[in-house]
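For reference, the chains in residue letters:
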Amino acid sequence: PRQSFVMVKGAALLLPAEEPPPAEPPSQAPGQQEQHLHLMMQLLRPQDAIRLAVRLESARPRRVRYLLVVRPEEAGAEGETALLGVDFTHEGATSCTLGMVLPLWSDTQVFLDGDG
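Quick notes on the rules
- Residues numbered from 1 in each chain as written.
- Predicted model: local features only at pLDDT ≥ 70, side-chain atom pairs only at ≥ 80, totals over all residues.
- Heavy atoms only, no water.
- Helix = DSSP H or I, 4+ residues; strand = E, 2+ residues; numbered from the N terminus.
- Buried < 20%, exposed > 50% of the residue type's maximum accessible area, 1.4 Å probe, protein only.
- Contact = heavy atoms within 4.5 Å.
- Salt bridge = Lys/Arg side-chain N within 4 Å of Asp/Glu carboxyl O.
- Expected span 1.5 Å × (residues − 1).
- Arc of directions from axis to C-beta.
- Pairing = 2+ DSSP bridges.
- Core = buried A, V, L, I, M, F, W, Y, C linked by side-chain atoms within 4.5 Å.

1. What to know about the overall build of the protein chain
Now for step 1: From N to C terminus, the protein chain includes one helix and six strands.
Now for step 2: Listed by position from the N terminus, the elements making up the protein chain come as β-β-α-β-β-β-β.
Now for step 3: Counting over 116 residues, the protein chain shows a buried share of 29%.
Now for step 4: Taking as baseline every contact in the protein chain between residues at least 6 positions apart, the subset at least 24 positions apart corresponds to 38%.

Structure, rendered in structure tokens:
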């Protein structure tokens, strides 16, 4: 199921899934997504904010991966946007690591395509 949230000034509000719940139990424990968001925010500088976070499919079954779009909150900082790849070793991990940092320069277009 799709896991969506809205983030405003560092507070995250989880949105309910639009699809009916799956027949099998969910792989993510309640509150786990909030914990992941909190840990990812700790990787950022104080002036940075997550504009978008997307959970990706991983080639390794236990690994959890996110793609973040990050930009400073200050006015005129649109040119400082970056894509970050964040990795958790498993669902209940208490730390995460940066696997990718890609700065987005002016006139860059990014398309997310495929199944993950």
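2. Considering the pattern of salt bridges
Now for step 1: The final tally for this structure, using the stated rule, is three salt bridges.
Now for step 2: Ionic pairing is found between glutamate 91 and arginine 55, a salt bridge with its closest N-O pair at 2.5 Å. Of this pair, glutamate 91 sits in the loop between β5 (82-88) and β6 (97-103) while arginine 55 sits in strand β3 (residues 48-56), and the two are 36 residues apart along the sequence.
Now for step 3: Residue class for arginine 55 comes out partly exposed when judged on its relative accessible area of 31%.

3. Digging into helix α1 (residues 32-43)
The α-helix winds at 3.6 residues per turn, so residues separated by three or four positions along the chain end up facing the same way.
Now for step 1: For α1, spanning 12 residues, the distance from its first C-alpha to its last is 17 Å, which sits close to the expected 16 Å at 1.5 Å a residue.
Now for step 2: Those residues of α1 that fall on the buried side of the exposure criterion are Gln32, Gln33, His36, Leu37, Leu39 and Met40. In an axial view of α1, the angular spread of the buried residues amounts to 165 degrees, which keeps them on one side of the axis.

4. A look at the pairing of strand β4 (residues 64-72)
Now for step 1: Bridge count between β3 and β4: eight bridges; the pairing is antiparallel. By the bridge assignment, aspartate 48 is partnered in β4 with proline 72.
Now for step 2: Here β4 pairs with β5 via seven bridges, running antiparallel. By the bridge assignment for β5, valine 64 is matched with phenylalanine 88.

5. Some details on the nonpolar core
Now for step 1: Judged by nonpolar contacts, the single largest core of 15 residues is most densely connected at Met40, Ile50, Tyr66, Leu68, Val86, Phe88 and Cys96.
Now for step 2: Elements supplying a minimum of two residues to this core: α1, β3, β4 and β5.
Now for step 3: With four residues, β4 is the single largest residue contributor to this core.
Now for step 4: Setting aside its immediate chain neighbours within four residues, cysteine 96 contacts Leu39, Met40, Leu43, Val86, Asp87 and Phe88.

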